[in-house]
Structures are given as structure tokens and as C-alpha cells.
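Results of the structural survey
These are the residues of each chain, in order.
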Amino acid sequence: MTDANDPESTDSCSLTEEEVEPKLKYVRLSNDLKNILSEEAISCIAVHPRFLCLGTHWGRIHMLDHQGNRVETLINLRQNPHILSVNKISVDSKGEYIGTCSDDGMAIINGLYTDENNQKLNVGKVIRAVELDPLHYKSGSGRRFLIGDHKLVLYERTFLKGLKSTVLSESEGAVSAIKWNGQFIAWASSLGVHVYDLSERCSLGLIKWEEPKEGKLTDFRCNLSWSNSTTLLIGWVDTIRICVIRKRNPIEVSTRNLPAHIVDPMSTFQTEFYVCGVAPLESHQLVVLGYPKDRDSETNKALRPILCVLQYKASDYIEICTDSLSMRGYQEYKCDDYHLDCLIEENQYFIVSPKDVVVASLYETDDRVQWLIEHGKFEQAMDVIAKNGGKYSIVTVARLYLDHLLSLQQYDEAARLCLRAFQNDKQLWEEEVYKFVKEKQLRSVSAYIPRTADCRLNPHVYEMVLYEYLQLDPEGFLGLIKEWEPGLYNTKAVINAINDHFNKKDANILLEALAILYSHEKEYDKALTMYLKLQHKEIFELIKRHDLYSVIKDTIVQLIELDSENAIQMLLEKDKIPAEDVVQELEGREEFLYRYLDAYDKIDSSGKFHWKLVKLYAVYEPAKLLPFLKRSNNYPIQEAFNICKDKLFYPEMVYLLGRMGNTREALSIIIHKLKDIQMAIEFCKEHDDMDLWNDLINESVEKPYIMTKLLDGIAGFINPELLVNKIKTGQEIPGLKNSIIKMLCGFSLQVSIQDGCNQILVSDYFNMHERLAKVQQRAMAVSVDTTCGLCRRDIIVKDHLRTDVVVFNCRHFFHETCLPDKYNLEFCTVCKSRKP
């Protein structure tokens, strides 16, 4: 709200505390009310769902609608009903009759639409309170009303249309307030608040009120309000009390002669301000109009009035929200200059000062959202919309929130907001993403931009994102190229952009991106070139994925240089690249050729490249040469021997000479080059050639240490006598005695074994011969079921002329007459087994 001293500011009433979400919103009434207040000051108000009724200090009554426009009724057409200030206005529940009272001693009842039941009563005393029966409009209700001066008097219409008065209570001082609710009447005197039961015509008791520390109780207006049929709200001075009328126990009523109802105070608490009005809100919540106790520290004038929403307990309260109101002329007003009335059903609260009327109402969903937006609380606004709906949409708020976040440079939060609010709405994304373009922050939103099949944006959007990354974050650019599907954007356009912005600093990153993009464009030769420049191992995956084996022949050497293990494994894949082509390409790089052929030999048993492997093993891995020579027959032996001879590979030469038949030369190499007598002995044993043994023996004659080893190793292969005879008389041979003893023991053992074997053989021979003889001499049973192997008739017949039977060891039986040559038959005609 604008400054309170500006009488023309009539648009709204704002709050001084703007960061806490308000419970109520405010609107200042204007229209015809503005003209009224320019001349008069309000003294009281009565609110009805159909209209407002204002009383002024000039004694006038004004009927207005809820927007401040004058309502044409009989009351507005009349002259001033009072000559002094109007103290109280009361309206029946249907809004057809209005009762007013004034300092002039007059109590007037006027109909809005008829003058038939009007009443004008002069009591000759100041009347502070008048109250119409809520059912005053009913013709049979007695048109009752209450007047309070120094006593509480009930007036009602008699049969002859006269007025009958009944004093309900003699008051302790002036009656300052009356509120009628059904059968109950609440009214205030100088001692406190009384509750009267009209049905039983008795008082339910007095609620005493303490005198204030400053001033007297009668200096303050008592504010009464019924929140429902049994709950009474009282605000007086700085104390609020909530009372409930309940029924007594029936037994208690009958035995003690007590009223049927009792008033129970359920909550009493003191506020930090003076109470100008109290009204119900929600369960256990009140709206209270307050007048600050403090004064302005500089001018000593009154402070702004406040409107509080309180949640009450038994003896305390919680302040939910407090709004400081800028009412016109508030500096000059006292506590009783302010009034509060409400329309409970509509949650509207009318705050009145002599020169102002402000309407407070609960913040509805749209009001809350509007306030939250205005105060930058967009998250809460979207939560409210999601829960309660309203005229605002989440997208509308999200767009405003997005602008707010971008203005604060909170780009990541803005990007996440887009995902949450826009989801898969293609149009919204394409409209809002340009806001990030202006901020050069497409990078922030790149992770959230939809890329699914059901929501793909214009390719230009993805290209803008890639272009920004290319300029500001090349590594991020490469990451998106790897992550995004190529169908999202125009790959040729991106390739052109890379070429236009190529720089040496990011050369490797950009080359890798080009390789990926060229593969998307199926320009695989260019992609391979990029990977080779980068020496990037992704090239192998590219070759396998797109079956590029046919185009890599010229790059085989480079591939092996990049990663020999992966390259060779790829080259060995069956039916992909001919081995002949690989060998041809690797001829100039023997090391690579060796690695390839060594691996190739493990998967191919044809041995077609073994002739190359001999030399390659000799150069790069000699340890594998001898095993290779032994397991392969697919190499030229003489060429292999020459290679080994050049390299002085003696074991390999021995093996090859052995294969070539030149065993004596091989033995010479063993003896003279390898100097391995044990190997020489084993070589002689392997070839079992007497000439080799003689050569070895001749070599040992002059070398006693050889003689000893020969004596230990020749037993069982040659006659030891040949070696012993070669020993010269007097020649010293180390360990000769032991060697001879060992040789003789070995020879003796051999002879013993041979004798044992001969004995076993002879014994087995005779045993088997004996068993064979017994088997052949054993009788063979012939049963009645036995048939002839030729005629298939029974062997045993009654005809004595055909009883001769021939039996073979194979248990085939024949009639002698059935055999073709019974006198010259040595074998069974069925299985060729010999006759026993």
C-alpha cells in the first residue's frame, strides 16, 4: 500500500512484512464510499452478505454493496435518522430490517423495503447498543429487539401493535455491547460479560473482566462475536476469551434447580496489543484487529493497526501471521475508532476506521500463487498449483521461474527446472531453450534436452548446443558426439563447423570427433585416417563394427604399431583378411611379421609359413626354435641348418643333422661344441648305431672323465668289453672302480632279469600247453536242441544210419553226411575253425 497520508491511494492495502507468505489479502473500498468519506467519518459498521451498512458521526446511515457502491434503499432516501453519532447498527439475518442507536437517545428500527414495521424509540439516555432478533423479519416473531443503556431491555410487538418492554437485567453501569444468537444473548457491562438464556428467562452467569493497568475498563469497547451457535468470542482491552455454552448434566439440573446450560471458558490469553475486534477463522483460529500499545518514538502518535491470525490454546496462542495496515489517518485514532466485522461463510473481514474501509479475505489458491510469484517463491508456487490447481498452470510459473533463475545466473537450476516443467513438450522446449542461447549457457541444459523418439526437437537446437560446446568446451563437445545419436542433428553441418574452428590446441579432441562423425556419414576411410592420426585404439572397434577388413590392407603396419596385440588378433579372424596379404604387407617389418606368424601358427596347422618362421624364430625368439623344428616338417632342412649354423645354434644343428642322417657330425658337435657327454650318450642310444658308439668310445680313450660316464651309461646297449679293452695299462681313470662295479652290477642285474623272464616264459609256455590240451580233450555236450550247421535239422535223430556227428572247437555241429568231404575236412565250413 502506498503512504497512509495519501487519501487518494485507494487501490489496495499492502503489508509492511512482505517476505512471509500472508494469510490474508486486502482491498480498500472506494467508489461511492470515497465521496462519503471525503465529507463524513465512520462511527460503526454492520455487514450482511447482501450489503454494508455504515453509521457516521453526523448521524447518517449509508447502504453500500461490498465494492463501496451506494445501494438505493428507503434508508438512503431518508434524511438523517440521528442528530448525533451512530453508536451501533444491527441487521436481522435476512437483511430486511436495520436497527440503529445513537448518543441522541434514539433507537430506530427501519425496514429496507417497507415502512410498515418501523419503530422509533426515544429513551432519553445515551444508547450504546441495539440488537435485532435474527428472526426480526418474521411476522410472527414479535419483531423483538434489545436496547442497552443502564439496563438490558427486551422490546417486542404486541397483538395491538404496541411495544412491550421487559427488563432482562439491571446493568452495573452502561451496556456497551450486545450480541444475539438464537436463544442466547451476550452483553457487556462495566463488570464483565453476561450470557442470558431467553428460553429459560435466566442469566447463565457473569464472566468478570479485570481492570486494565492503564485507564478504566469502560474506556475500551467490548467486542463480542458468535463463531457458531454455542461458541462466544470476547475481546476486551488486551484479553481474549473463548467461551462455550454447553448443557448441564440432567441430574444436576433437577436436583439443584440450575439452568440447563452453563458457560465454560475454554481459552483465555492476553495479547501484546489492545483488541479492536475479534472474528472466527478456521478451527481454533481467530482473526483479531489490534491497536498497538506502543507509540511512535519520534512523534508520540499512534502506530498502524494490525490484523493478526492467531491459533489459540488453553492459556496461550501462536501467532500465525501479523499484518500492519496503513489505514488513512491512523496516527490520530484511538483504539475504539477501529471496528472489525466479518462474513464467516465467505471468509471476508471488514476493517473500519473513521476514514477507511478495508476488506481482508483469505488467500485462495490463485492469490497464494500470485503472491509467491511476486516474491520470487516459484518452487512453492508450483507446489501449490500441483496440489490445488487454479487459473495458473505449472508451465506459466515455470517460465517466470526460468527467467528468474537465468537473471540470477543459476543456470544448472534453470536447466533442471526445464526438465521438470516441460518434460516431453517439444514446443515448450523449442521456445524456452533460446533463453539459454542468449546467456551462452546451452551447456547447462544439454544434459536435460529430450532426445527420445517420442520427443525430438528441431535438429537446429541440438546443433546450437554442439556449436556452443565446440567454441567453449571442446572436451564436452566430444562427449556429446559420443553420447548423442547422429539422427538428432545434421552431421555434415557439424563436420563443417569443426573444420571451420579447427585449432592445434584441441587437435586430438577434434580429430576424434571427426572420426566419429565420418563413421556416422559412412565415410569410413576418413574415419580410419583420423583414428590413425590420433593413434586411437577405437579404430579396432570401428573396423569390427562396420566390417572394414577389406579397406585396411594398406594400414596393417600402422595398426600393429598402434596396438600389436589387438591388431594381430583382428588379423587372425577367420575369413576376414587373407594371411598371404598380411605377410606381404609385413615383409618389410620382420618383427611384426614374426609376431603375426607366431600367432598364426597357433590357429593354422597347415604349416605353409613355417619356412619363414625358422629364420624369424632364430632372430626374435631362439628359445622357440628347437621345439618348432621338432614339431614341424614344413621347412627346408638344409636352409634351416644353414641358419642355425650361422647363428651357432648347436642343439638345433644336432637335431637337423640327425634328421639329415649325418649323425657322426652331430655327435662331434655334441662332444666338441656342446661338451655334453650325457647328451652324446643319449644321442647314441637314440640312433643305436655302432659306428656312433665307436666314435664316442674313441673320443673317451684320451679323456678319462668321458670314460667314466660311458662306463656308467652303456650298460644294456653295447658290450662293455669293447670299452674296457680300450683302457690302456696304467691309465688313470677317476672313479673307474666304482664305474666298473656299477656296470657289473647293472650287467648282473640285467642277466638276472633275463633269467627270471626266461623262467617265467618257459613256465607259462608249459602251463598254457597243458591247459590247451585239457580243453581240447574235454567232452562237448550235444543236446536235443542242437541243430546241424548245414541242414539245420536236429543233430540227434532216431535213424541210426544218420547218427554220426562232426564237432568243431567253435561248437558248430554237423551231420557227417552233410559235410561235402568228410574224410578231408580240417576246418569248420561256417567259421573256418579247426576240428578238434
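Keep in mind it's a predicted model, so treat the numbers as computed, not measured.

Remarks on the overall build of the protein
When you go through the protein residue by residue, the secondary structure sums to 29 helices and 31 strands. Counting all 836 residues of the protein, 47% fall into the buried class. Counting contacts in the protein only where the partners sit at least 6 residues apart, residues at least 24 apart contribute 48% of the total. Looking at the protein as shown, the accessible area adds up to about 43,500 Å², and 48% of this sits on carbon and sulfur atoms.

Let's talk about the pattern of salt bridges
Inspection of every chain in the model, using the stated rule, returns 29 salt bridges. Ionic pairing is found between Asp 356 and Arg 28, a salt bridge with its closest N-O pair at 2.8 Å. Here Arg 28 lies in strand β1 (residues 24-28) and Asp 356 lies in strand β27 (residues 356-362), a separation of 328 residues in the sequence. The pair Asp 356 / Arg 28 is uniform in exposure class, with both members buried. Asp 403 is the partner of Lys 435 in a salt bridge, and the nearest nitrogen-oxygen pair spans 2.7 Å. Of this pair, Lys 435 sits in helix α8 (residues 426-439) while Asp 403 is found in helix α6 (residues 394-407), placing the two residues 32 residues apart along the sequence. With relative accessibility at 35%, the residue Asp 403 sits in the partly exposed group. What you see here is one network of salt bridges that share partners, running through Arg 399, Asp 403, Glu 431, Glu 432 and Lys 435.

A closer look at the confidence of the model for the protein
Atomic detail in the predicted coordinates should be set aside for any region of low pLDDT. Per-residue pLDDT for the protein averages 84, and the proportion of residues at 70 or more is 90%. Low pLDDT, under 50, characterises residues 1-17; the predicted model gives this stretch 38 contacts beyond four residues in sequence or across chains.

Concerning the packing of aromatic side chains
Tallied over the entire structure, the rule returns 17 aromatic pairs. Site record: aromatic cluster; members linked through ring pairs are Tyr 594, Tyr 617, Tyr 620, Phe 628 and Tyr 635. Positioned above the aromatic ring of Tyr 274, the side-chain terminus of Lys 293 is 5.5 Å from the ring centre.

A short note on the packing of α6 against helix α7 (residues 411-422)
One can describe the packing of α6 onto α7 by two numbers: an axis separation of 9 Å at closest approach and a directional angle of 170 degrees. One finds that α6 runs roughly antiparallel with respect to α7. The segment α6 lies against α7, with Val 395, Ala 398, Arg 399, Tyr 401, Leu 402, Leu 405 and Leu 406 engaging Tyr 411, Glu 413, Ala 414, Leu 417, Cys 418, Arg 420, Ala 421 and Phe 422. Grouping the amino acids of the contact of α6 with α7 by side-chain chemistry returns 12 nonpolar, no polar and 3 charged.

Notes on the sheet that holds strand β8 (residues 119-122)
Taken in spatial order, the 4 strands make up an open sheet running β5-β6-β7-β8, and their pairing is antiparallel. The strands lining the two open edges of the sheet, one partner per strand, are β5 (86-91) and β8. Across the sheet, the axes of successive neighbouring strands diverge by a mean angle of 10 degrees, strand direction being ignored. Pairing geometry for β5 and strand β6 (residues 97-102), over 5 bridges, is antiparallel. Its bridge partner being in β6, Ile 89 is matched across the sheet by Thr 100.

With respect to helix α13 (residues 507-520)
For α13, which comprises 14 residues, the first-to-last C-alpha distance of 20 Å matches the rise-based estimate of 20 Å (1.5 Å per residue) to within 8%. Counted residue by residue, α13 has 12 buried out of 14 residues, so it is predominantly covered. Those residues of α13 that sit buried are Ala 507, Ile 509, Leu 510, Leu 511, Glu 512, Ala 513, Leu 514, Ala 515, Ile 516, Leu 517, Tyr 518 and Ser 519. Buried residues along α13 sit against α10 (459-472), α11 (474-483), α12 (491-500), α14 (524-534) and α15 (538-546). Where α13 terminates, the next one or two residues include Lys 522, which has phi positive at roughly 65 degrees.

Brief notes about unusual backbone geometry
The phi dihedral of Arg 143 is positive, around 45 degrees, even though this residue is not glycine. By the secondary structure assignment, Arg 143 is in the loop between β9 (129-132) and β10 (145-148). With a phi angle near 50 degrees, Asn 347 is a residue other than glycine that sits in the positive phi range. By the secondary structure assignment, Asn 347 is in the loop between β25 (339-343) and β26 (348-353). The class for Asn 347 is partly exposed, based on a relative accessible area of 24%.

Notes on the side chain of Thr 491
As for its placement among the helices and strands, Thr 491 is situated in helix α12. Since its relative accessible area comes to 6%, Thr 491 is described here as buried. Sequence-distant contacts of Thr 491, defined by excluding residues within four places in its chain, comprise Pro 486, Leu 517, His 520 and Glu 521.

Regarding the sheet that holds strand β4 (residues 61-64)
Taken together, the 3 strands give an open sheet; going across it, the order is β2-β3-β4, and neighbouring strands pair in antiparallel fashion. Pairing within the sheet leaves two strands with one partner each, and these edge strands are β2 (42-48) and β4. On average, each strand axis in the sheet is inclined to that of its neighbour by 20 degrees, with strand direction left out of account. Pairing between strand β3 (residues 51-56) and β4: 4 bridges, direction antiparallel. When the bridges of β4 are listed, Leu 52 appears paired with Leu 64.

Things to note about the pairing of β26
Of all the 6 residues making up β26, 6 are buried; the element is thus mostly covered by neighbouring parts of the structure. Here β25 runs beside β26; their pairing, made up of 5 bridges, is antiparallel. Along β26, the bridge assignment pairs Leu 343 with Gln 348. With antiparallel pairing between neighbouring strands as the criterion, β25 and β26 make up a hairpin whose turn holds 4 residues, including Asn 347 at a positive phi of roughly 50 degrees. Note: β26 against β27, 6 bridges, orientation antiparallel. The residue of β27 that forms the bridge with Phe 350 is Val 359. Connecting β26 to the next strand, β27, in antiparallel fashion are 2 residues.

Notes on the side chain of Asp 104
Following the sequence through the fold, Asp 104 ends up in the loop between β6 and β7 (106-111). One buried charged residue, Asp 104, remains without a salt bridge, the closest side chain of opposite sign being Lys 120 at 7.9 Å. Separated by 3.3 Å, the side chains of Asp 104 and His 82 make a polar contact. Beyond its immediate sequence surroundings of up to four residues, Asp 104 is in contact with His 82, Ile 83, Leu 84 and Asn 122.

Basis of the calculations
- Along each chain, numbering runs from 1 in the same order as the chain's sequence is written.
- Where local features are concerned, this predicted model is filtered to residues with pLDDT of at least 70; where side-chain atom pairs are given and counted, the filter is 80 or more; whole-chain, interface and lining totals use all residues.
- Note that water and hydrogens are dropped before the side-chain values are worked out from all heavy atoms of the structure.
- Labels follow the DSSP assignment, with helices taken as runs of H or I lasting at least four residues and strands as runs of E lasting at least two, numbered in each case from the N terminus.
- The rule is simple: take the accessible area with a 1.4 Å probe, protein chains only, and divide by the maximum for that residue type; under 20% is buried, over 50% is exposed, in between is partly exposed.
- Here, residues are in contact when the closest pair of their heavy atoms is within 4.5 Å.
- Exposure was quantified through the Shrake-Rupley algorithm and a 1.4 Å probe, taking into account, for residues, occlusion by the shown protein chains and nothing else.
- A side-chain nitrogen of Lys or Arg and a carboxyl oxygen of Asp or Glu constitute a salt bridge if their distance falls within 4 Å.
- As a per-residue quantity, pLDDT reports the predictor's confidence and falls between 0 and 100.
- Only Phe, Tyr and Trp rings are paired, with Trp represented by its six-membered ring, and only when their centres lie within 6.5 Å; those with planes under 30 degrees apart are stacked, over 60 edge-to-face, the remainder tilted.
- The criterion is that NZ of a Lys, or CZ of an Arg, lies within 6 Å of the ring centre and within 35 degrees of the ring normal, and then a charge sits over that ring.
- In this description, a line fitted to the C-alpha atoms serves as the axis of each element, helices being fitted only across the stretch in contact, and the angle between N-to-C directions of two axes falls anywhere from 0 to 180 degrees.
- Relative orientations are named as follows: roughly parallel for angles under 35 degrees, roughly antiparallel for angles over 145 degrees, roughly perpendicular for angles from 65 to 115 degrees, and oblique for any other angle.
- Under this grouping Gly is polar, as are all residues other than the nonpolar Ala, Val, Leu, Ile, Met, Phe, Trp, Tyr, Cys and Pro and the charged Asp, Glu, Lys and Arg.
- By the convention used here, strands pair only if DSSP detects at least 2 bridges between them.
- One less than the number of residues in a helix, times 1.5 Å, gives the span that helix is expected to have.
- Asp and Glu count as negative and Lys and Arg as positive, but His and the ends of the chain are not part of the count.
- Distance and chemistry together define a polar contact, namely a pair of N or O atoms within 3.5 Å, with one atom able to donate a hydrogen and the other to accept it when in protein, and with adjacent residues in sequence counting only for side-chain atoms on both sides.

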